[in-house]
Amino acid sequence: MIQLKCLKIRIRICVEKDDGGYYAYCPELKGVHEDGASVEAATENAKESALVYIQSILEHNEPLPLCAEEVDMSFSLLLGKVRSAIFFKNKPIVKFEDLDISDLSYA
């Protein structure tokens, strides 16, 4: 039995304006898509959904996805970000949130 005392995972949450509200998703966690009336509500909903998603991964003994901050950036990725900043006014708000998964036991 594996017993976790404390596990902290930093996730990236992107929030975009949507019809009548906001849409939040985690690019590294493919199943996390939520909405909310405000940026904060959509972010909190995505954070809760990400916690459930990661708990399910741990319960099923699956590998955790890499949720690292961007460190290395290729020229084409950098160019795409510059184009997005110039030509697209509705760029997503990107936030990094910490999830605390404490006192969980898994067989």
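Residues numbered from 1 in each chain as written. Predicted model: local features only at pLDDT ≥ 70, side-chain atom pairs only at ≥ 80, totals over all residues. Heavy atoms only, no water.

### What to know about the environment of Val39
Using the following cut-off: Secondary structure is summarised from DSSP: a helix means a run of H or I of at least four residues, a strand means a run of E of at least two, and numbering begins at the N terminus for each. Should any heavy atoms of two residues lie within 4.5 Å, those residues are considered in contact.
Here Val39 is to be found in helix 1 (residues 39–59). Setting aside residues no more than four positions away along its own chain, Val39 makes contact with Val15, Tyr22, Ile93 and Lys95.

### Points about the nonpolar core
Generally speaking, a soluble globular protein has its nonpolar side chains buried in company with each other. How we decide: We call a set of buried residues a nonpolar core when its members are Ala, Val, Leu, Ile, Met, Phe, Trp, Tyr or Cys and they connect through side-chain atoms within 4.5 Å of each other. Here the term buried applies to any residue with accessible area under 20% of the maximum for its type, exposed to any over 50%, and partly exposed to those in between, with areas from a 1.4 Å probe on protein chains only.
If you look at the biggest cluster of nonpolar residues, it comprises 15 residues, and the most contacted ones within it are Ile11, Ile13, Cys26, Leu29, Ala50 and Ile54. Those elements that place two or more of their residues in this core are strand 1 (2–18) and helix 1. With six residues, the top contributor of residues to this core is helix 1. Dropping the residues within four chain positions of it, Cys26 is found in contact with Ile11, Arg12, Ile13, Val32 and Ala50.

### Some remarks on the packing of aromatic side chains
As a reminder, the rule being used: Aromatic pairs are defined between Phe, Tyr and Trp rings, using the six-membered ring for Trp, whenever the two ring centres lie within 6.5 Å; interplanar angles under 30 degrees are classed as stacked, those over 60 as edge-to-face, and all others as tilted. For a ring to carry a charge above it, either NZ of a lysine or CZ of an arginine must fall within 6 Å of the ring centroid while also lying within 35 degrees of the normal to the ring plane.
Across all of its chains, the model carries one aromatic pair by this definition. One residue, Lys17, lies across the ring of Tyr22, its end atom 4.8 Å from the ring centre.

### Things to note about unusual backbone geometry
Here Asn61, not a glycine, exhibits a phi torsion of approximately 55°, which is positive. Secondary-structure assignment places Asn61 in the loop between helix 1 and helix 2 (75–87).

### Some remarks on the confidence of the model for the protein
Condition: Looking at any residue, its pLDDT shows the predictor's confidence there, from 0 to 100.
Averaged over every residue, the pLDDT of the protein is 75; residues scoring 70 or more account for 63%. Mean pLDDT across the elements of the protein ranges from a minimum in helix 2, with 58, to a maximum in strand 3 (residues 33–36), with 95. Ignoring residues within four places in sequence, the model shows residues 67–73, a span with pLDDT below 50, making ten contacts including any to other chains.

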